[in-house]
Amino acid sequence: MTENATDTAPGRGSRAPLHAVPGDGRRPIKVGNDPESIRALTQALDQRLLQDTYVHDGDPIVLQTISGAAEMVAGDEDAPAPMRPTVLRPALLAHLLAEQAEVFRTRHPKDGPAYDEEITPPRHVLESVLSRSIWPGLPVLHKVITTPVLRPDGTLLQTPGYDEATGYYLAGRVTTDPIPEHPTAEQVAEARAFLLGTFLRDFPWRTPSDKANYLAMLATPILQPFTRALSPFGVVDATMPGSGKTILTSCVGLLVGQRVLTWTDSEEELRKSITTVLADQAGVIVFDNLIEGCVIDSAVLARLVTERTWTDRRLGTNAASSFANDRLWLATGNNLRTGGDMASRAVWVRLDPDCPHPEARTGFSIPNLDTWILDPANQAIVLRHLLILILDWTRAGAPKAKNVPAMRQFTRWAQYLGGLLEHHQVPGFLANADEARDLDDDYAEWRAFLLRWHDLYGDQRRSAAELRSSAEPDLGMPDRWEGTFPTTAAGRLLTPKSLGRILTGQIGRWRGNVVLRSEIDTHTRARTYYIERTPDPQQPEAKPAGPKGVNAPEETGLFQNPQNKPANPQTRQTPP
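Residues numbered from 1 in each chain as written. Predicted model: local features only at pLDDT ≥ 70, side-chain atom pairs only at ≥ 80, totals over all residues. Heavy atoms only, no water.

Undergrad: How would you explain helix α10 (residues 376-395) if you had to name every residue and give the values?
TA: Taking 1.5 Å of rise per residue, the 20 residues of α10 would be expected to cover 28 Å, and the 28 Å separating its terminal C-alpha atoms lies within 8% of that figure. Where α10 begins, one side-chain oxygen reaches toward the backbone nitrogen of A377, 3.0 Å away; that side chain belongs to D375. Just downstream of α10 lies G397, where phi reads positive at about 100°. (Helix = DSSP H or I, 4+ residues; strand = E, 2+ residues; numbered from the N terminus. Expected span 1.5 Å × (residues − 1). Polar contact = N/O pair within 3.5 Å; in protein donor to acceptor, adjacent residues only side chain to side chain.)

Undergrad: An account of the pattern of salt bridges is requested, with residue identities and associated values reported.
TA: In the structure shown here, the tally under the stated rule is 21 salt bridges. With its nearest N and O atoms 2.9 Å apart, the salt bridge here joins R151 to D163. With R151 in the loop between β8 (149-150) and β9 (156-157) and D163 in strand β10 (residues 161-163), this residue pair connects regions lying 12 residues apart in the sequence. Each of D78, R259 and D280 takes part in salt bridges that share partners, so that together they form one network. (Salt bridge = Lys/Arg side-chain N within 4 Å of Asp/Glu carboxyl O.)

Undergrad: Give me a positive patch on the surface: which residues, what numbers.
TA: Together, R228, R308, K400 and R412 line one region of the surface with positive charge. Tracing the chain through its elements places R412 in helix α11 (residues 411-423). (Patch = residues over 30% accessible without salt bridge, like charges linked within 9 Å, V, L, I, M, F, W, Y side chains within 5 Å. Areas by Shrake-Rupley, 256 points an atom, 1.4 Å probe, with all protein chains shown as cover. Lys, Arg positive; Asp, Glu negative; His and termini not counted. Charge placed at Lys NZ, Arg CZ, Asp CG, Glu CD.)

Undergrad: Which residues make up the packing of α10 against α11, and what values go with them?
TA: Viewed as axis vectors pointing N to C, α10 and α11 meet at an angle of 100°, and their least axial separation amounts to 10 Å. On the basis of the axis angle, α10 is roughly perpendicular to α11. On α11, the residues touching L389, I390, D392 and W393 of α10 are Y416, G419, L420 and H423. Across the contact of α10 with α11, the residue classes break down as 5 nonpolar, 2 polar and 1 charged. (Axes fitted to C-alpha atoms, helices over the stretch in contact; angles between N-to-C directions. Parallel < 35°, antiparallel > 145°, perpendicular 65-115°, else oblique. Contact = heavy atoms within 4.5 Å. Nonpolar A, V, L, I, M, F, W, Y, C, P; charged D, E, K, R; others polar.)

Put into C-alpha cells, the structure is as follows:
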C-alpha cells in the first residue's frame with residue numbers, strides 16, 4: 001500500500017512525519033507514480049500543509065502579502081488591502097511546494113542503493129490536484145477586510161487574522177487599540193464631539209441632512225455584515241471645485257480600502273469595469289470627479305445597486321463569475337444630476353461653500369485635512385471614534401429608526417443607519433429626499449412634457465402617430481411643445497413606433513401631480529394615451545423666514561388639504 005502524506009518516508013532514516021517540521025522548516029511529502037502523487041499532494045493541501053491556504057467558491061486559494069505598494073499621496077488614489085487572495089494554479093502551487101515542503105520520490109537504480117530525490121511534480125499532476133472543488137480541511141474565506149466590522153451577532157470583529165465566525169480575514173491597513181465592548185459615557189461623548197464637532201465640522205454642508213447622510217455612508221461598510229442590507233448609490237456633489245468631495249470619499253476609502261474608477265457613459269465599458277473591480281477586496285468603489293453637470297443615468301448601475309449578487313462573463317472567456325455585491329458605491333462631481341431609475345436609488349451628500357474660491361478657506365478645526373487623513377495614525381483616530389459610537393448603539397440593542405422614508409430595496413439599510421444616527425442625536429437623515437427629486441433629469445423632463453401635453457390636449461386621447469404629427473415644425477410658427485417633446489440623441493423627432501414604445505414604458509408613472517394613462521381604441525384597436533392631472537396641492541401660508549430665508553411649511557403630509565387627496569388612495573402621489 002502506498003504511503004500517504006502523513007506517513008514516515010521509507011529510506012530516509014528517522015525522517016519525521018509530515019505533522020512534525022524538520023529543522024529546515026520544510027515538511028516532507030513522499031510521492032510516487034501519478035496516482036500516488038495526486039493522492040499525496042491532495043491530502044497535504046487539504047491538511048493545510050501550505051501556510052495561509054483557504055477555500056473560496058470551491059477553489060483553493062492562498063493569502064499573499066502585496067509587495068511594493070506605493071504610499072498614498074492623495075485621496076483620489078486606490079487604497080488596496082495589504083493582502084490578496086490568489087487562486088492556486090499549477091505554477092503557484094509548484095512554487096509554494098518548493099518553498100514550504102520537500103516533495104520527494106525514492107529512486108531504485110539497478111546498480112546501486114535506493115535514494116530519495118526532491119522533485120517538482122509535473123504540471124498534469126498539479127492540474128489534477130487542483131481540479132476538485134471539495135476541500136473539507138480548508139477553512140472558508142469569504143473576503144479580506146481592512147477594518148473591523150460588526151458581526152451578524154452584533155459583536156465587533158477586531159482581532160487581526162482569520163475569523164471563523166464570519167469567514168473574514170482582517171488585514172488592517174489601520175491599526176488601533178482594542179475597542180471596549182461597552183464604551184463608557186465619557187468615551188461616547190468624546191467620540192461624538194470629535195466626529196461631529198471637529199472632523200466633520202468645517203465641511204460646507206448644504207443642509208444638516210447632507211452631514212447625516214455622509215455619516216451613514218461612513219458607517220455603512222462596517223455595519224454591512226450585521227445589517228446584511230443593500231446600500232444605495234452615494235452621490236457626493238458640490239456647487240464648486242475645492243469644496244471637499246474627494247476628502248469625504250477618501251475618508252471612507254482609506255478605512256475600508258477603495259478603488260477609484262473613471263466614469264463612462266458606455267454601458268458595456270461600465271459593466272466590464274464593475275466585473276473587474278468586484279474581484280478586488282476594496283470596501284468602497286468611487287467614480288471620482290465626474291464631468292460637471294453629468295447625469296448619472298445607467299441601467300447597468302441601477303441593476304448593480306439592487307442586486308445582492310453580480311454575475312457577468314469573465315473578461316476574455318465565456319465563463320461566468322459571480323460576486324457578492326457588498327460594497328459601497330460612490331460618485332463625486334460638481335452640479336451632478338440623476339436620471340432614469342438611478343434617481344430613486346441614490347442618496348445625496350451636497351456641499352455648497354457659497355464663495356468664489358473654496359480652496360482658499362482657512363480657520364479649519366483640522367488644518368490640511370486632505371493630507372491629515374492620509375496618515376494611518378489619523379485614520380486610526382477616526383476609526384476608533386466611529387467604532388465607539390457603533391458599539392454604544394449595539395449595547396442599546398441596535399434600535400432601528402421607524403420614521404425613515406420607504407426606500408424599497410434599501411429600507412433595511414435606512415432603518416439600521418437611521419437608528420444609529422437617532423441614537424446619537426444626529427438629525428436630518430434622508431430629509432433631503434424631496435430636494436433630491438429636483439436633481440432628477442428624467443423626472444424633470446417627463447414632467448415638463450406631460451404638463452405641456454395636458455395644456456395642449458387636456459385629457460383627450462391621442463395616438464403616438466397623432467402626437468408625432470403635432471410635433472412637426474410649422475415654418476414661421478413657434479414650437480407648440482416649447483421644446484419638451486422627446487427626441488433622439490441627435491435632436492430628431494422619434495418615429496411613431498419609437499414614441500409609442502417609450503410612452504408605453506411611462507404608463508402609470510406619476511411625475512408630480514401628472515401621470516400618463518392609456519387605453520385601447522374600441523374602433524381601431526390602436527393604443528391611445530392621455531394625461532391625468534390632479535389639482536395642485538394648496539400652498540401653506542408663508543411663515544417668517546428661518547435660517548437662510550427659507551420658509552418652512554407647517555404640515556409635512558403629502559396632501560395638506562383633504563380636498564386635494566386623489567380619489568384612489570392606493571395610488572401613490574408625488575408632489576410637484
